[in-house]
Amino acid sequence: MLVSRKWLEEYLDLSKYSDDDLYNIFTAHVCEVELMYKTCGAENMTVAKVLTCEDIPDTHLHKCSVEVRPGEVTQIVCGAPNVSAGKLVIAANPGAILPGNFKIKASKIRGIESNGMLCSLQELGVEEKYVPEQYKNGIYLFERGDVKVGDNPLEYLGINDTIYELAVTSNRSDLLSIEGVLYDLAAAINQKFTKPLKEVKEEIENNTSIEVLTDNCYKYATRVIEGVTVSESPMWLKKKLVASGIRPINNVVDVTNYVLMLLGQPLHSFDKDKLGNKISVRQALDNELITTLDEQERKLTSDDIVITNGKDALCVAGVMGGLTTEVTNETKNVTLEAAYFDFLSIRKTSSRLGLKSESSSRFEHKIDYERVERALDYASVMIKELAGGMISNMKEVIKKELKTSSVSITTSKVNNYLGTNLTTDYLTDLFNRLSFEFKVNNDEFEINLPSRRMDLEPSFQDICEDVARMYGYDNIPTTIAEMSSRGGLTEKQKKIRTIRQFLSTVAFNEIVSYSLIKECDLYNYVFEEKAPIKPLMPLTDEHAVMRQSLLNGVVDAIQYNLARKNQNLALFEIGNVYYDGGKPEDNQSLHLAMALNGLYESSMWEGERKVSSFYVLKGLLDSLLTRLGVEVTYSPYDGIKSFHPGRTAEIKLHNERIGIIGELHPKFAKEHDVKGTIALEIDLTKIVEGQKKMKYHSINKFPSINRDLAIVVKDEVKASDIIELVKKTGRKYITKVEVFDVYKGENVLEDEKSIAFTMTFEDFTKTLESEEVDNEVKKILDKLTEKFNAKIRQ
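None of the values given here were measured: they were computed from a predicted structure.

Concerning the packing of aromatic side chains
1) Next: For the structure on display, the rule yields 20 aromatic pairs.
2) Next: Centre to centre, the rings of Tyr183 and Phe193 are 5.0 Å apart; their planes meet at 80°, and the pair counts as edge-to-face. Here Phe193 lies in the loop between α4 (178–188) and β14 (209–212) and Tyr183 lies in helix α4, a separation of ten residues in the sequence. Taken as a pair, Tyr183 and Phe193 share a single burial class, namely buried.
3) Next: Look at Phe431 and Phe445: their rings are 5.1 Å apart centre to centre, the planes differ by 85°, and that puts the pair in the edge-to-face class.

Written out as structure tokens, the structure is:
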């Protein structure tokens, strides 16, 4: 919301407040100011009259004799094509500084003395879209007789203003109008302002019939102004609109935009002769077409509201008018509309059509239900004042009434909630400054919530928020909250922190990627294709669905870095993946993804190089899970096409699959420019939430005994199954089993392999004897022979 200081000064005395003072008041008591700027801060500018104008031979330049102040004539060289004798122009005299720090000084152009510059509006910082068409390629010429030589042109044009761009939050739609800003600003500086009102004198009969056929239009009102003369708006009106970021069009349309900015009520003007005498408000038909004022043909749906003449759609209600009933210079009779439409309906239409307007932005944040008629009256009188004509009576259809509510609050409740010591007298004064209607009994207030404040619910917290805002957040005492216990991390948070710390210490870099991805990439890395979650209005095809795997972002990050010659990568991400699980609590789960590419470790001095591989990544994962007190198993897996079928394993926890680890498929890696990438992804849910707190035991003070064993088994026997059986059989003493060799070759049949592993035996109560360990090894061998037909390698 762009707010002009000069517009505010028409209602409040701001003489003792500098621009910075107002900035601070807005920020502390109204809302945040995103930007404050001067429209044009140039000095030493005057309205000047061109006395003579001579062409300079062989150039496009003109030598002008210019009266810059009464009786003060100087010479200025100008290249504008529209400069001529007798014209009133804008002169930047020596010493003036134009936007862009352009300093004006006396100089010579083509050897001819020039003491200043005749200016275009663009050179004064006015945006191109606000410059009248006839002045876009030349200097500005004053055409009205209400300006004279020596006047300040910036004052006349209204471009010596200070603009405050307010960051209005979605709940404070009342601040989307000058009047709404005035209420809060007046309360903050303890002043009163006169509410904008105009009294209507009705002269003709409104013969328009109105029917409202949709429940999404709560109220619809019209007046007719007959015999208008459509022309250019006066300068005071145009400069207010330009300061508000609106392009002036003509006096009738400009009035509707002026009232929109002043009161926050969207209005629309129809050419009555094109509209006819009937207005029907209804839902649009599916695929119904309308050409809007921006000359774009738009296809509507039954979710949209349209204003019709009983047959054809003439306006997209609350969003933009139609071209067929546009007010032009030939318009003689105007039908003026003011309405209240359902905010959700307007929001959906505006978003679907990609059509944001000043009107739609107000409707979709709710407007003041009780301001509809006042805005219509105000605009009707303004049109009569600027364009002539006669005003009719108001015709109105009310489909649904919205009533205001009230709230009770006590001084003690405010003080307890805010931690203040405010008095009842202070709150009485404050509520008066805020223009609230209320009754007070002792320290209890009964407040009627004003219709203009759509953000206020009948709860004391909303009133306390207003009190705090006006009292000043900086004035509220700072106190330490009383707590019955000290805060701390949950077990889940501790484990996630452990994961981050461990991976950082082993040279991994954490990334954060988008949760929205391309729909075609959704199932690249998942076991099961679950129903996706899609945004209603995705911004681009690149961000069309919620991810179901973190590897989408991690692999993309690998690709991005490799494309920029950043090699030897180790990346990880912890985040949620999303799918339609039916219940809200089943729609997301926490995952960990890791990826390696290039060298994991390299020492030029020692000549050591550790290339990223399946086993490097698996070893890092095992070390991480050991720290978390988790033990997983691995099984070959070939069900995900993006992974290499012979170099991929599924990860299981208690025989339940929780993840995947492997090398990306060569074809997939080539297509995505991530050749040689090793990746994994696991579901952390059961690891960080389902696991109990880690238990600790003392270090064994008795020595351990190691035994190595090499057995020959069939190729299809998995090492993980052997380890599981060994641990189960020798669980009394075995504390660790590790495979250190797998061999195929001489003295081993083609369909067999040799697996060598080491076993660690310990007893926490005594020193183990060799005989006890030998008995355990014999039992283990017997079990391996029984289940896997294993035999000792000779």
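A look at the packing of helix α6 (residues 251–263) against helix α10 (residues 372–387)
1) Next: Their axes nearest at 9 Å, the elements α6 and α10 cross at an angle of 145°. Considering only the axes of α6 and α10, their crossing is right-handed. Each of Asn251, Val252, Val255, Tyr258, Val259, Leu262 and Leu263 in α6 lies in contact with α10, whose residues at this interface are Arg374, Ala375, Tyr378, Ala379, Met382, Ile383, Leu386 and Ala387.
2) Next: Here the contact of α6 with α10 is composed, by residue class, of 13 nonpolar, one polar and one charged.

Some words on the layout of surface pockets
1) Next: Of the voids in this model, the largest pocket is the one considered here, and its volume is about 2,000 Å³.
2) Next: Surrounding the largest pocket, 44 residues form its lining, Lys618, Asp622, Val632, Tyr634 and Ile723 being those nearest its centre.
3) Next: Elements with a minimum of two residues in the lining of the largest pocket: α16 (614–627), β36 (633–636), β37 (643–653), α19 (719–729), β41 (734–743) and β42 (752–761).
4) Next: Per element, the largest residue contribution to the lining of the largest pocket is eight residues, and it comes from α16.
5) Next: Of the residues that constitute the lining of the largest pocket, the class distribution is 19 nonpolar, twelve polar and 13 charged.
6) Next: Taken as a whole, the second largest pocket spans an internal volume of roughly 970 Å³.
7) Next: Around the second largest pocket, the lining is made up of 35 residues, and of these Ile249, Val253, Asn257, Leu293 and Met320 lie nearest the centre.

Details of the sheet that holds strand β43 (residues 791–792)
Hydrogen bonds between backbone atoms are what pair the strands of a sheet, whose relative direction is either parallel or antiparallel.
1) Next: Spatially, the four strands line up as an open sheet ordered β41-β42-β40-β43, and their pairing is antiparallel. Unpaired on one side and paired on the other, β41 and β43 mark the two borders of the sheet.
2) Next: Relative to β42, β41 is paired through eight bridges, and the arrangement is antiparallel. Across the sheet, Glu738 pairs through a bridge with Thr758, a residue of β42.
3) Next: Packing against the sheet, helix α20 (residues 770–788) makes contact with β40 (705–714), β41, β42 and β43, and its axis sits at approximately 15° to β40.

Considering the side chain of Ser589
1) Next: For Ser589, the location among the structural elements is in strand β33 (residues 588–597).
2) Next: At a separation of 3.2 Å, a polar atom in the side chain of Ser589 contacts the side chain of His591.
3) Next: Non-local contacts of Ser589, meaning those with residues more than four positions away in its chain, are made with Gly575, Asn576, Val577, Tyr579, Asp683 and Thr685.

The rules behind these values
- Residues numbered from 1 in each chain as written.
- Predicted model: local features only at pLDDT ≥ 70, side-chain atom pairs only at ≥ 80, totals over all residues.
- Heavy atoms only, no water.
- Phe/Tyr/Trp six-rings, centres within 6.5 Å; stacked < 30°, edge-to-face > 60°.
- Helix = DSSP H or I, 4+ residues; strand = E, 2+ residues; numbered from the N terminus.
- Buried < 20%, exposed > 50% of the residue type's maximum accessible area, 1.4 Å probe, protein only.
- Axes fitted to C-alpha atoms, helices over the stretch in contact; angles between N-to-C directions.
- Left-handed = near helix turned anticlockwise from the far one by under 90°.
- Contact = heavy atoms within 4.5 Å.
- Nonpolar A, V, L, I, M, F, W, Y, C, P; charged D, E, K, R; others polar.
- 1 Å grid on protein atoms, 1.4 Å probe; cavity = no way out; pocket = protein on both sides within 12 Å on 5 of 7 lines; lining within 4 Å.
- Points joined across faces, edges and corners; volume = space filled by probe spheres on them.
- Pairing = 2+ DSSP bridges.
- Polar contact = N/O pair within 3.5 Å; in protein donor to acceptor, adjacent residues only side chain to side chain.

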